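This is what each chain is made of:
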Amino acid sequence: VFIFCILYLWLNQSEEEEVQTIIQYWIRVLNIKLGWIQDFDKLVAKYVSLFYFCFYLMKYLFTTNFIMLEMFLSSKLLKNFTGHTDCVRSIDYSEFDGGRFICSGAQDSTICVWDVETNQQIQSFNGHSDAISCLKFSPYHYHNRHQDVICSSSNDNTICFWDFTNNKQLQIFNGHTDWIGGIKFSSFNGGRYLCSGSGDKTIRLWDVETSNSLHVFNEHENCICCVDTSPLQSDNNNNNNDNKSNNIGVIGGNGYTICSGSLDKTIRMWDIETTKQLIVFEGHESGVRSVKYGSNELRNIGANTILSGSYDNSIRLWDVRSGKQIQVFNGHRSDVWDVEYSPFVIKSSDEVVGGNSNVICSGSTDNTIRFWDIRSNKELYIINVDDKNEGIYCLRFLQAKEKGKKTNSINLCYGSGKGNICVWG
């Protein structure tokens, strides 16, 4: 009742008066005698107003963040960024200073930065001596040092930071003794911490501020291809860099975890603060190529899940709480290199079920991008990419814009084996 009262206080007065007018008209037409309840029409008007307000509020809440997949099915190739000469292994996307940017790292050892609005390459780096395996925009440098920085990991065993506005290299992390696969910034403390997985079978946690290696996780039995950090907890703020509750112990990160995928066919989850291994997920029949935590924004899937793609051609969904596999998705004919939770929902019985995201996405070297319904375990849609692209190696969803303004639509960006980066929408 209290919640409904609060909602009612938000009600627009003009809408209430409009409904009262309609009710009064009904009463006049039907010649209804209200007797002693002289203000009955006003009472009805208020409750009708409240009903419609709640209805439209719920409709807004359940449709703002999630887009109908059916709207995306008519999408087409919008942009094609060319510049790399070999397989694009990683892409990331960020919005800042009023612009939209993509960074890409490739097998040709180069890093490129692209302006999505102008379709132009605005920067490139070739300081690594071997293939780029993963790269991310650095939230720590942007929020704490007002620098536009990319972090990259490479097969040359190093992690580097690049200021792409001033075209210079910043920090270099040395410590791994073999190629480095995935990297990921912490969701807490403004991205101050970075985790990395390596061919030396270890995961390292780094302090970006001091450039120190804080801890080495070493329970995997084979090379580590991918890592992720658990999402920002719902009671924290993205830009709260001085959150005392997350500065416990040497490393910090109270309640946060890392997950890692390895060629030993397992996914492992680690407690950042205690540095203890928590769960070992087993089920893949070959090495794990991609792992992603669910987000707090995904009301149906939720933050208590991990999504994985593997060299066994499958995608799997895991429950963090039980440590068990929830679902397996088969259909790809070759390695699954990347997986993503999508912002899409699909219809069921001509209605959106709860307005919750229920679609995941995967990219494979079989030249397809596939969409899956997590509830029914069904394949929903396939984007067949030209064989000349030589496989899909990385995916990223982008917020669409028209004339500088965000729209209620989504673009899908992917990197190919040929070296080009494509945007669908």
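Residues numbered from 1 in each chain as written. Predicted model: local features only at pLDDT ≥ 70, side-chain atom pairs only at ≥ 80, totals over all residues. Heavy atoms only, no water.

- If you look the chain up in an unreviewed UniProt entry, it shows as WD-40 repeat protein from Reticulomyxa filosa.

1. Here's the deal with the packing of aromatic side chains
In this description, a pair of aromatic rings is defined by centroid distance and the angle of the planes.
Part 1 of the reasoning: One pass over the full model with this rule turns up 18 aromatic pairs.
Part 2 of the reasoning: Pairing Phe 96 with Phe 137 gives two aromatic rings, centres 6.1 Å apart and planes at 70°, and the pair type is edge-to-face. Here Phe 96 is found in strand β3 (residues 88-96), whereas its partner Phe 137 is found in strand β7 (residues 132-137), with 41 residues between them in sequence. Neither residue differs from the other here; Phe 96 and Phe 137 are each classed as buried.
Part 3 of the reasoning: Each member of the aromatic cluster is reached from another via a ring pair, and the members are Phe 96, Phe 101, Phe 137, Tyr 142 and Phe 164. (Phe/Tyr/Trp six-rings, centres within 6.5 Å; stacked < 30°, edge-to-face > 60°. Helix = DSSP H or I, 4+ residues; strand = E, 2+ residues; numbered from the N terminus. Buried < 20%, exposed > 50% of the residue type's maximum accessible area, 1.4 Å probe, protein only.)

2. Observations concerning the sheet that holds strand β12 (residues 193-198)
Part 1 of the reasoning: Strand order in this open sheet of four strands is β11-β12-β13-β14, and the pairing throughout is antiparallel. This sheet does not close on itself; its edge strands, each paired only once, are β11 (180-185) and β14 (212-217). Ignoring strand direction, the axes of neighbouring strands in this sheet form an average angle of 20°.
Part 2 of the reasoning: Bridge count for β11 against β12 is four bridges, and the pairing is antiparallel. Residue pairing in the sheet places Phe 185 in a bridge with Leu 194 of β12. (Pairing = 2+ DSSP bridges. Axes fitted to C-alpha atoms, helices over the stretch in contact; angles between N-to-C directions.)

3. Remarks on the UniProt feature "repeat: WD" (unreviewed entry) in the chain
Part 1 of the reasoning: UniProt marks residues 81-124, 125-172, 173-216, 254-280, 281-328 and 356-382 with the feature "repeat: WD" (unreviewed entry), using the numbering shown here.
Part 2 of the reasoning: What you have in residues 254-280 is 0% helix and 59% strand, and the ends, taken at the C-alpha atoms, are 20 Å apart. (UniProt positions renumbered as here; feature names shortened; annotations may be inferred.)

4. Comments concerning the nonpolar core
Part 1 of the reasoning: Ranked by size, the top nonpolar core spans 18 residues in total, and within it Phe 72, Phe 344, Ile 369, Phe 371, Ile 383, Leu 412 and Tyr 414 carry the most contacts.
Part 2 of the reasoning: If you list the elements that add at least two residues to this core, you get α4 (69-72), β27 (359-364), β28 (368-373), β30 (392-402), β31 (405-416) and β32 (421-424). (Core = buried A, V, L, I, M, F, W, Y, C linked by side-chain atoms within 4.5 Å.)

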